[in-house]
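Letter by letter, the chains look like this.
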Amino acid sequence: FKNAEALQRSATLTTVLLDKTATLTEGKPKVVNFEPYGDPAQIKQVTYALESKLNHPLAVCLSEFCGVGSVTAEDVEYVVGTGARGKVNPKTYFLGNERVFGDQPPTQSQTDALERAKAWSQEGKTVLFLWDGACVLAVFALADTLKEGSAAAVKAMDGLGLETYMLTGDNRDCAEHIAAQAGICAEHVYAEVLPEDKLAAVKE
């Protein structure tokens with residue numbers, strides 16, 4: 001609590017909104033599935049070149065999984081709510097969620113990758129795609145475990161008559177899987193949200 005007033009006002013709470021990553025979960029994801037569409041070693045090199053430039057938890061996880069590479073990336077940036085974008089020799093690559101594909105009609109490689117991704121998402125995994133603007137080069141599935149005590153905390157808040165919600169940038173399949181483990185109903189899940197969407201949810 002930042003001050004005594006906030007502590008006092010907590011007695012009147014009716015609703016609690018929880019972030020998923022590092023609040024309900026450990027916030028230490030690991031790569032549990034890797035589906036390359038091409039040379040795995042080269043794909044890992046490109047992935048490391050992009051992700052090693054960022055400090056996002058998912059980027060750190062992918063960097064550790066891929067190992068140190070010999071190629072470098074330039075003009076790397078993190079696009080909020082989507083993922084990483086950067087140039088490697090001097091091709092532009094994207095690594096992130098489904099938003100990396102934009103609004104263009106799906107290619108066959110996208111369709112195949114999205115089918116695989118849906119199955120992994122339903123298991124509560126965060127799925128990321130390596131994309132070069134034309135073809136999907138790889139699909140990664142990352143798993144983050146529920147914190148010990150999260151489910152008990154949600155149950156305790158329910159017992160106090162509080163409505164508990166979960167917010168996450170993950171897709172709905174993954175979000176609902178984690179929420180169910182925590183004891184939060186699907187109707188109380190805000191999925192695929194951007195930072196500004198989280199603010200809107202708080203105001204709502």
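Residues numbered from 1 in each chain as written. Predicted model: local features only at pLDDT ≥ 70, side-chain atom pairs only at ≥ 80, totals over all residues. Heavy atoms only, no water.

Novice: I keep staring at the sheet that holds strand β5 (residues 91-96) and nothing clicks. Help me out?
Specialist: Sheet strands line up and pair through hydrogen bonds in the backbone, either parallel or antiparallel. Taken together, 6 strands build an open sheet; the order of strands is β2-β7-β6-β5-β4-β3 and the sheet is antiparallel. Looking at which strands have only one partner, the edges of the open sheet turn out to be β2 (30-36) and β3 (74-79). Averaged over all neighbouring strand pairs, the angle between strand axes comes to 15°, with direction disregarded. Pairing between strand β6 (residues 126-131) and strand β7 (residues 136-143): 6 bridges, direction antiparallel. What sits directly across from T126, in β7, is L142. (Pairing = 2+ DSSP bridges. Helix = DSSP H or I, 4+ residues; strand = E, 2+ residues; numbered from the N terminus. Axes fitted to C-alpha atoms, helices over the stretch in contact; angles between N-to-C directions.)

Novice: I'm lost on the nonpolar core in this one. Help?
Specialist: The tendency in soluble globular proteins is for nonpolar side chains to be buried side by side. Formed by 20 residues in total, the largest nonpolar core has its most connected members in L50, L62, Y93, L130, F140 and L142. Broken down by secondary-structure element, the contributors of at least two residues to this core are α3 (40-51), α4 (57-66), β5, β6 and β7. Take this core: its biggest share by element is 5 residues, from α3. Apart from the residues within four sequence positions on either side, L62 is in contact with V31, T47, E51, L95, L128, F140 and L142. One finds L24, A175, I184 and A191 within the second-largest nonpolar core, a separate group that totals 14 residues. (Core = buried A, V, L, I, M, F, W, Y, C linked by side-chain atoms within 4.5 Å. Buried < 20%, exposed > 50% of the residue type's maximum accessible area, 1.4 Å probe, protein only. Contact = heavy atoms within 4.5 Å.)

Novice: Just checking my understanding: could you explain helix α5 (residues 108-121) for this structure?
Specialist: In this model α5 runs 20 Å from its N-terminal to its C-terminal C-alpha over 14 residues, within 8% of the 20 Å that 1.5 Å per residue would give. For α5, the full list of buried residues reads Q110, A113, A117, W120 and S121. Within α5, the buried residues cover an arc of 90° as seen down the axis, which keeps them to one side. Residues Q108 and E115 are exposed on α5 and point more than 90 degrees away from its buried face. Against the buried residues of α5 lie β2, β6, β7 and α7 (172-182). (Expected span 1.5 Å × (residues − 1). Arc of directions from axis to C-beta.)

Novice: Mind showing me how you'd approach the pairing of β5 here?
Specialist: Residues in a regular strand project their side chains so that they alternate between the two faces of the sheet. In the sheet, strand β4 (residues 83-88) pairs with β5 via 6 bridges, with the strands oriented antiparallel. Bridge assignment links G83 to a residue of β5, and that residue is G96. Where β4 folds back on β5, the antiparallel hairpin that results is connected by 2 residues, among which N89 adopts a positive phi of roughly 55°. In this structure, β5 lies alongside β6, joined through 3 bridges in antiparallel fashion. Each residue of the ladder has a partner; that of L95, found in β6, is L130.

Novice: Would you take a moment to explain unusual backbone geometry for this structure?
Specialist: Trans is the common state for peptide bonds, and a negative phi is the common state for residues other than glycine. Of note in this structure, N89 is not a glycine but carries a positive phi near 55°. Looking at the element boundaries, N89 is found in the loop between β4 and β5. Non-glycine residue E192 carries a positive phi angle of around 55°. Relative to the helices and strands, E192 is located in the loop between β9 (189-190) and α8 (195-203).

Novice: Quick question: what am I supposed to make of the environment of T92 here?
Specialist: Positionally, T92 belongs in strand β5. Spatially, the C-alpha atoms of T92 and G133 are 7.7 Å apart, while their sequence positions differ by 41 residues. With sequence-adjacent residues up to four places away left out, T92 is seen in contact with R85, G86, K87, W131 and D132.

Novice: Would you mind going over the packing of aromatic side chains with me for this structure?
Specialist: All told, the structure shown has 6 aromatic pairs when counted by the stated rule. Between F34 and F65 the ring centres are 5.6 Å apart and the planes differ by 75°, which places this aromatic pair in the edge-to-face class. Here F34 is found in strand β2, whereas its partner F65 is found in helix α4, with 31 residues between them in sequence. Their ring planes at 80° and their centres at 4.9 Å tell us that F101 and W131 sit as a pair that is edge-to-face. With F101 in the loop between β5 and α5 and W131 in strand β6, the pair connects residues that are 30 residues apart, well separated along the chain. Using a relative accessible area of 2% as the deciding quantity, one classes W131 as buried. Grouping aromatic residues by their ring pairs yields a cluster made of F34, F65 and F140. It is K44 that lies over the ring of F65; its NZ or CZ is 4.8 Å from the centre. (Phe/Tyr/Trp six-rings, centres within 6.5 Å; stacked < 30°, edge-to-face > 60°. Lys NZ or Arg CZ within 6 Å of the ring centre and 35° of its normal.)

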